[in-house]
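Examining the three-dimensional arrangement
The lines below spell out each chain.
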Amino acid sequence: MTVTVDETRIAPTPVGTMKAAVVRSFTAPLELEHVAIPTAGTGEVVVRVEASGLCHTDIHAAHGDWPIKPSPPFTPGHEGVGIVVEVGAGVGEVALGDRVAMPWLGYACGACEYCVSGWETLCLEQKNMGYSMDGAFAEYAKAYARYVVKVPDGVDPVDAAPLTCAGVTTYKAVKVAGTRSSDLVAVFGVGGLGHLAIQYAAIAGGRVVAVDITDEKLELARSLGAEFTVNAAKEDPAAAIQALGGADQTIALAVSPRSFEQAYASLRRGGTIVFVALPAENEVKLPIFHTVLNGITVKGSIVGTRVDLREVFELHAAGKTRVILEEHALDEVDECIDAVEAGKVPARLVFRP
Ligand SMILES: [Zn+2]
Ligand SMILES: [Zn+2]
């Protein structure tokens with residue numbers, strides 16, 4: 001195909017160097033460095049990053065917290081949104097000047113059983129932005145054209161960034177939970193993910209209970225559609241939610257095994273808990289007897305597909321969701337990581353490279 005270029009919408013073909021936040025060591029802060037601007041190979045695009053969200057996964061990546069570790073040096077960032085400024089050979093999915101999102105699922109094989117059955121997020125050949133591929137904590141990022149998702153007009157790129165991981169991940173978690181109208185859904189953890197999970201659960205028709213340990217976040221939860229709130233620092237959330245009849249679904253978004261156990265204990269008979277957060281401790285203790293006798297379902301949910309992300313953007317363009325965020329310069333990356341780890345961030349932090 002031929003690509004028409006609207007010169008007014010794009011930057012000149014990038015040459016030279018760019019600023020990027022690079023992980024050199026799992027025990028050191030990120031380094032702001034000048035590195036070469038990537039160039040697009042076959043099937044690839046280069047994107048000038050307009051906005052790039054900070055996800056807890058980026059922090060785990062930078063610290064090498066998980067069993068499968070990235071290999072430094074690498075650039076984190078899997079909530080990158082920007083304008084396509086270079087297309088490689090064979091790219092037909094997007095064109096120069098398109099605004100696209102570069103999600104965690106940076107590449108999948110497209111041919112395995114998972115890919116062809118709508119579960120590309122389980123593909124064994126997958127590559128992940130900001131983990132096994134350089135991510136978007138930079139002025140430019142390279143991505144596989146087939147795995148970027150176009151951001152529709154009417155969605156602010158700064159809003160689109162958190163939707164690219166926090167949004168799609170919680171949207172998918174609500175789908176996986178199977179929430180239907182009048183279900184009681186308990187969202188554990190009201191942060192970057194939780195504030196969106198509350199909205200998606202409400203859109204699905206659920207009555208939402210938000211659980212957190214700070215009153216400010218619970219107030220935010222109420223403003224976004226939570227009907228009930230529980231401060232887990234002041235009362236036992238399982239007892240409070242059982243007093244409401246027990247949750248049909250609970251969504252575990254807080255990086256604390258204790259919170260997962262409370263979410264489990266909040267379920268009514270036949271309920272479903274969805275594991276989403278990835279605490280570094282990596283283990284929870286759940287009772288087998290109670291699980292069997294009460295017909296409890298335990299599910300894991302990892303990000304979402306390209307179709308899920310398109311739906312997330314569609315809902316946002318239709319004015320049905322609100323993204324709570326704070327903008328920062330990329331130079332502030334280390335301070336921002338400290339703030340997230342200290343739990344001092346209202347919802348999502350977004351860098352403007
Ligand atoms: Zn993420
Ligand atoms: Zn595959």
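Residues numbered from 1 in each chain as written. Chains lettered and ligands numbered in written order. Predicted model: local features only at pLDDT ≥ 70, side-chain atom pairs only at ≥ 80, totals over all residues. Heavy atoms only, no water.

1. A look at the coordination of the zinc ion (ligand 1)
Here the zinc ion (ligand 1) is held by C55 (SG), H78 (NE2) and C165 (SG), and the distances to it run 2.0 to 2.2 Å. The class for C55 is buried, based on a relative accessible area of 4%. (Donors = N, O, S within 2.8 Å, 3.2 Å for Na, K, Ca; no water. Buried < 20%, exposed > 50% of the residue type's maximum accessible area, 1.4 Å probe, protein only.)

2. Details of the side chain of H60
For H60, the location among the structural elements is in helix α1 (residues 56-63). Apart from the residues lying within four places of it in its own chain, the contact partners of H60 are D65, W66, V255, L278 and A280. (Helix = DSSP H or I, 4+ residues; strand = E, 2+ residues; numbered from the N terminus. Contact = heavy atoms within 4.5 Å.)

3. What about the packing of helix α3 (residues 157-177) against helix α4 (residues 194-203)?
Two numbers describe how α3 lies on α4: the axes approach to 9 Å, and their chain directions differ by 45 degrees. Classified by the angle between their axes, α3 and α4 sit oblique to one another. Between α3 and α4 the crossing geometry is right-handed. Residues P162, L163, A166, G167, T170, Y171 and V174 of α3 form the contact with α4, whose participating residues are L196, A197, Y200 and A201. Residues belonging to the contact of α3 with α4 are distributed by class as follows: nine nonpolar, two polar and no charged. (Axes fitted to C-alpha atoms, helices over the stretch in contact; angles between N-to-C directions. Parallel < 35°, antiparallel > 145°, perpendicular 65-115°, else oblique. Left-handed = near helix turned anticlockwise from the far one by under 90°. Nonpolar A, V, L, I, M, F, W, Y, C, P; charged D, E, K, R; others polar.)

4. What about unusual backbone geometry?
Residue P72 is joined to P73 through a cis peptide bond whose omega torsion reads -5 degrees. The backbone of S182 shows a phi angle near 80 degrees, a positive value even though the residue is not glycine. The residue S182 is located in the loop between α3 and β10 (184-188) in this model. Residue S182 is classed as exposed on the basis of its relative accessible area of 55%. In this model, N282 sits at a positive phi of 65 degrees, which is unusual for a non-glycine residue.

5. Topic: the pairing of strand β13 (residues 247-252)
For β13, the tally of buried residues reaches six of six residues, placing the bulk of the element in the interior. Where β10 lies against β13, four bridges are found, and the strand directions are parallel. Paired with V185 across the strands is Q249, a residue of β13. Looking at chain direction, β13 and strand β14 (residues 267-275) are connected through five bridges and run parallel. Its bridge partner being in β14, T250 is matched across the sheet by I273. Running through helix α7 (residues 257-265), the crossover from β13 to the neighbouring parallel element β14 is right-handed. (Pairing = 2+ DSSP bridges. Right-handed = clockwise from strand over helix to strand, strands pointing away.)

6. Things to note about the coordination of the zinc ion (ligand 2)
Donor atoms from the polypeptide that coordinate the zinc ion (ligand 2) comprise C109 (SG), C112 (SG), C115 (SG) and C123 (SG), at 2.3 to 2.4 Å from the metal. Overall, C112 belongs to the partly exposed group, its relative accessible area being 22%.

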